[in-house]
Amino acid sequence: MSKERRKTPSKKSLRKRIAAGWQVYLLLLLPLIYLVIFCYVPMGGLVLAFKDYTIADGIWGSAWVGFQNFKTFFSSYKFPIVLRNTLVLAVYSLLVGFPIPILFALLLNAFPKKRYAKVVQSVTYIPHFISTVVMVGIIIQILNNRTGIYGNLYMFFTGQTAEDILAKGSLFKHIFVWSGIWQSTGYNAIIYIAALSSVDQSLHEAACIDGATRFQRLLYVDWPCIRPTAVIMLILAAGGIMNVSFEKALLMQNDLNIAYSEVISTYVYKVGLQKGIGDFSLSTAIGMFNSVINFILLMIVNTISKKLTSDSIF
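The notes below deal with the structure included here. What you are looking at is a predicted structure, and each value in this text was computed from that prediction instead of being measured.

### Description of the overall build of the protein
No. 1: Looking only at helices and strands, the protein has 18 helices and two strands in total.
No. 2: Compactness check: the protein gives a C-alpha radius of gyration of 26 Å against a globular reference of 20 Å for 314 residues, more than 25% above the reference.
No. 3: Relative to its full complement of 314 residues, the protein shows a buried share of 32%.
No. 4: Total accessible area on the protein is roughly 20,200 Å²; 67% of this is exposed by carbon and sulfur atoms.

Right, here's the structure in full:
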């Protein structure tokens, strides 16, 4: 064979590859522009956390105050309240809301009649498309102690007016978390259902021949196949654990449950945009603190996962 034939074909230049598949690169350009404009450009505004911002002086002309805004937040009487509420809702949502979609996907996959399983999946998937405003409206209507389903049933069985549970702060976390689980379980289970669909059926057949029960097949065949996916989802969930739903928490707040419903995201909104306060520097510092905690938790959980299961995102 001649030397010319043994030579590997030279790689196309970047310009030629882009020219050959310009349609694909054009489609990639749109999300890239979105990412730069809405995710990377605003990061320049983080400098506000270290300044005493005024509109007249602008971002770069405002006085530099260092960590003063962080000290103001940490010394505020609101700091322990919003941190506690955020952690309670976040950890509660993670502990309850993370395993339920996995169990739901495993049960659906084990359901013998696939037609009914698809119906159940579709029904549980629909609530995800309900907007947060409508969702909170439904919660308020159902749990109203006078005109709602809860109030009418309580009156029917006891003959008395029901207690206003929406105004009881200690119940806020339960209403917040379990209504979220009802809304998101079907949607969150999709990725696990997709992972289960790729399980080799010969493994189930071999397990049946060995006399394994359906639960044993679920435990030793299905679960190991979706465990890497579950671990990755857990790491990502831990990285956003402090990002409690701003819209839902704000809409469910009232004067009687504010001590339990005020979280970091709603406090940032009130400090930065509420009439009479408008402290952009302090609100930026609070938001930056929230993001740093998320990043630290992401790194910790990713490191632990990598050591224990060898599954990680990096």
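### Remarks on the packing of aromatic side chains
No. 1: All told, the structure shown has 19 aromatic pairs when counted by the stated rule.
No. 2: A centroid spacing of 4.9 Å and a plane angle of 40° characterise the contact between Tyr-34 and Phe-38, whose relative ring orientation is tilted. You can see Tyr-34 and its partner Phe-38 sitting in helix 3 (residues 22–40), four residues apart, about one turn around the helix. There is no split in this pair, since Tyr-34 and Phe-38 are both exposed.
No. 3: Ring centres of Phe-74 and Phe-79 lie 5.2 Å apart, and the angle between their planes is 70°; on these two criteria the pair is classed as edge-to-face.
No. 4: Residue Phe-74 is classed as partly exposed on the basis of its relative accessible area, which comes to 40%.

### Here's the deal with the layout of surface pockets
No. 1: The volume enclosed by the largest pocket comes to roughly 920 Å³.
No. 2: Taken together, 26 residues make up the lining of the largest pocket; nearest its centre are Ser-93, Gly-97, Gly-180, Ser-184 and Asn-188.
No. 3: Listing elements by their share of the lining of the largest pocket, those giving two or more residues are helix 6 (78–97), helix 11 (172–188) and helix 14 (214–239).
No. 4: The greatest single-element share of the lining of the largest pocket, amounting to eight residues, is contributed by helix 11.
No. 5: Volume-wise, the second largest pocket comes out at about 520 Å³.
No. 6: Together, 17 residues line the second largest pocket, and Met-43, Leu-46, Gly-287, Met-288 and Ser-291 are the ones closest to its centre.
No. 7: Mapped onto the lining of the second largest pocket, the elements with two or more residues apiece are helix 3, helix 17 (264–273) and helix 18 (280–308).

### Here we look at the state of the cysteines
No. 1: Under the criterion given, the structure shown has zero disulfides.
No. 2: With no disulfide of its own, Cys-225 lies closest to Cys-208 among cysteine sulfurs, the gap being 14 Å.
No. 3: With a relative accessible area of 34%, Cys-225 lands in the partly exposed category.

### A word on the pattern of salt bridges
No. 1: Counted by the stated rule, this structure contains four salt bridges.
No. 2: Note that Glu-262 and Lys-78 form a salt bridge whose closest N and O atoms lie 3.6 Å from each other. Of the two residues, Glu-262 sits in the loop between helix 16 (258–261) and helix 17 while Lys-78 sits in helix 6, which places them 184 residues apart along the sequence. Taken as a pair, Glu-262 and Lys-78 share a single burial class, namely buried.
No. 3: When the shortest N-O distance is used, the salt bridge between Glu-262 and Lys-270 registers 3.2 Å.
No. 4: Assessed through its relative accessible area of 3%, Glu-262 is described here as buried.
No. 5: In this structure, a network of salt bridges that share partners links the residues Lys-78, Glu-262 and Lys-270.

### Re the nonpolar core
No. 1: With 30 residues, the main nonpolar core has Phe-73, Phe-176 and Ile-286 as its most contacted residues.
No. 2: Broken down by secondary-structure element, the contributors of at least two residues to this core are helix 6, helix 9 (132–143), helix 11, helix 15 (246–252), helix 17 and helix 18.
No. 3: Broken down by element, the residue count for this core peaks at six residues, all from helix 6.
No. 4: Those residues in contact with Ile-286 that lie beyond four places of it in its chain are Phe-73, Ile-264, Tyr-267, Val-268 and Val-271.
No. 5: Residues Phe-98, Ile-102, Ala-105 and Leu-106 belong to the second largest nonpolar core, which totals 17 residues.

### Remarks on the packing of helix 6 against helix 7 (residues 99–110)
No. 1: Where helix 6 meets helix 7, the axes come as close as 5 Å, and the angle between the chain directions of the two elements is 15°. Overall, the two elements helix 6 and helix 7 adopt an arrangement that is roughly parallel. Contacts between helix 6 and helix 7 involve Leu-94, Leu-95, Val-96 and Gly-97 from the first element and Pro-99, Ile-100 and Pro-101 from the second.

Scoring rules and cut-offs
- Each chain has its residues counted from 1, running along the sequence as written.
- Two thresholds apply to this predicted model, a pLDDT of at least 70 for residue-level local features and 80 or more for giving and counting side-chain atom pairs, whereas whole-chain, interface and lining totals are computed over all residues.
- Heavy atoms throughout the structure, all of them, feed into the side-chain values; hydrogens and water do not.
- For helices the rule is a DSSP run of H or I covering at least 4 residues; for strands it is a run of E covering at least 2, with both sets numbered from the N terminus onward.
- Here the globule rule reads 2.2 Å times residues to the power 0.38, and the radius of gyration is calculated from C-alpha atoms.
- Relative accessible area decides the class of each residue, using a 1.4 Å probe on protein chains only: under 20% of the type maximum gives buried, over 50% gives exposed, and in between gives partly exposed.
- Using a 1.4 Å probe, the Shrake-Rupley method yields the accessible areas, and only the shown protein chains count as cover for residues.
- What counts as a ring pair is set by centres within 6.5 Å for rings of Phe, Tyr and Trp (its six-membered ring), and what kind of pair is set by the plane angle: stacked under 30 degrees, edge-to-face over 60, tilted for all other angles.
- Only protein atoms enter the 1 Å grid, on which a cavity is a set of points fitting a 1.4 Å probe that cannot get out and a pocket is an open set with protein on both sides within 12 Å along at least 5 of 7 lines, lining residues being those with an atom within 4 Å of a point.
- Grid points are joined across faces, edges and corners, and a volume is the space filled by probe spheres set on the points.
- The disulfide criterion used throughout: a pair of cysteine sulfur atoms within 2.5 Å.
- Definition used for salt bridges: Asp or Glu carboxyl oxygen within 4 Å of a side-chain nitrogen of Lys or Arg.
- To form a nonpolar core, buried Ala, Val, Leu, Ile, Met, Phe, Trp, Tyr and Cys residues must be joined to one another through side-chain atoms within 4.5 Å.
- Any two residues whose heavy atoms approach within 4.5 Å are treated as being in contact.
- Orientation is described by lines fitted to C-alpha atoms, with helices fitted over the stretch in contact, and by angles between N-to-C directions that extend from 0 to 180 degrees.
- An angle below 35 degrees is treated as roughly parallel, one above 145 as roughly antiparallel, one from 65 to 115 as roughly perpendicular, and anything else as oblique.

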